[in-house]
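# Breakdown of the fold
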Amino acid sequence: ILNVEQSPQSLHVQEGDSTNFTCSFPSSNFYALHWYRWETAKSPEALFVMTLNGDEKKKGRISATLNTKEGYSYLYIKGSQPEDSATYLCASGTYKYIFGTGTRLKVLA
Amino acid sequence: NAGVTQTPKFRVLKTGQSMTLLCAQDMNHEYMYWYRQDPGMGLRLIHYSVGEGTTAKGEVPDGYNVSRLKKQNFLLGLESAAPSQTSVYFCASSYSTDRLRNTIYFGEGSWLTVV
């Protein structure tokens, strides 16, 4: 069983601030790393699928990087907005993905 | 676009009762999963299936059974519900082992309370 860890568990930022959080995963036998955005009372939605060391993905103000050799990925949000408030999950594995416990982001207006 | 549909959305059970959660996907996905989500624990894999007629245990399979008789459906059964099974259950599916296409699509969740 993989051990996927995310930090911090939660954070509050002011509107307009940029922020980032971390996903750590076992680097051996790496296959893929997923990021999901999970709003309260909804289902998780995919943000990025990352597979190559050094990969960088971007979607609007959100971007992610991947380091498979050291086993971590960063998610960045530039100029946070209240609608970015959600839990951000990462998952690693093959088809049997193991999820981290998430980083709960609250953006204050 | 229906995607992944779970029924029922909410259910209250008495200890010892049985029930089945139904998951249906219309994306022709090979892989299907059942996760449970508990406070502070994240999503934990209960059972999964890599194709019609196949099932396998995940991280927390005890107390649950599953069946995948049709490709589009994945059923999760609780034979004798216990209060520890109070949770939010998420069904999910994914397309293939192609790493770049293996995004997981989730249903909207089923809230189960066992009293």
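Residues numbered from 1 in each chain as written. Chains lettered and ligands numbered in written order. Predicted model: local features only at pLDDT ≥ 70, side-chain atom pairs only at ≥ 80, totals over all residues. Heavy atoms only, no water.

Along its length, chain A carries 0 helices and 11 strands. Each helix (α) and strand (β) of chain A, taken in turn from the N terminus, gives the series β-β-β-β-β-β-β-β-β-β-β. Its C-alpha radius of gyration of 13 Å places chain A within 12% of the 13 Å reference for a compact globule of 109 residues. For chain A, the spread of C-alpha atoms along the three principal axes comes to 40 × 30 × 20 Å. Within chain A, the fraction of its 109 residues that count as buried is 50%. Accessible surface, chain A as shown: approximately 5,400 Å² in total, 44% of it carbon and sulfur. Counting 11 positive and 10 negative side-chain charges, chain A places the centres of these two groups 4 Å from one another. (Helix = DSSP H or I, 4+ residues; strand = E, 2+ residues; numbered from the N terminus. Rg over C-alpha atoms; globule rule 2.2 N^0.38 Å. Buried < 20%, exposed > 50% of the residue type's maximum accessible area, 1.4 Å probe, protein only. Areas by Shrake-Rupley, 256 points an atom, 1.4 Å probe, with all protein chains shown as cover. Lys, Arg positive; Asp, Glu negative; His and termini not counted. Charge placed at Lys NZ, Arg CZ, Asp CG, Glu CD.)

Attention now moves to the state of the cysteines. Residues and elements named next belong to chain A. If you walk through the whole model with that rule in mind, you get 2 disulfides over all chains. Here Cys23 connects covalently by a disulfide to Cys90, the sulfurs 2.0 Å from one another. Taking the sign of the torsion about the S-S bond as the criterion, the disulfide between Cys23 and Cys90, at about 80°, is right-handed. Residue Cys23 is found in strand E3 (residues 19–24), and its partner Cys90 is found in strand E9 (residues 86–93); the two are separated by 67 residues along the sequence. The exposure classification of Cys23 matches that of Cys90, with both residues buried. (Disulfide = S-S within 2.5 Å.)

Phe21(A), Leu33(A), Trp35(A), Phe48(A), Leu75(A), Tyr88(A) and Leu105(A) are the most contacted members of the largest nonpolar core, which has 23 residues in total. Looking at this core, the elements with two or more residues in it are strand E2 (10–14), E3, strand E4 (32–38), strand E5 (45–50), strand E7 (62–67), strand E8 (72–77), E9 and strand E11 (103–108) of chain A. Excluding anything up to four places from it in sequence, Tyr88(A) contacts Gln6(A), Phe21(A), Trp35(A), Tyr36(A), Arg37(A), Leu47(A), Leu75(A), Ile77(A), Gly102(A), Thr103(A) and Leu105(A). By size, the runner-up hydrophobic cluster in this structure holds 19 residues, among which are Tyr36(A), Tyr48(B), Val88(B) and Ile104(B). (Core = buried A, V, L, I, M, F, W, Y, C linked by side-chain atoms within 4.5 Å. Contact = heavy atoms within 4.5 Å.)

Our next topic: the sheet that holds strand E7 (residues 64–67) of chain B. All names here are of chain B. With antiparallel pairing, the 4 strands of this open sheet are ordered in space as E1-E3-E8-E7. Edge positions in the open sheet fall to strand E1 (4–7) and E7, since each of these has one partner strand only. When strand polarity is set aside, the average angle formed by the axes of neighbouring strands in this sheet is 20°. Taken together, the 4 bridges between E7 and strand E8 (residues 73–78) define a ladder with antiparallel strand orientation. Bridged to Val66 within E8 is Leu76. (Pairing = 2+ DSSP bridges. Axes fitted to C-alpha atoms, helices over the stretch in contact; angles between N-to-C directions.)

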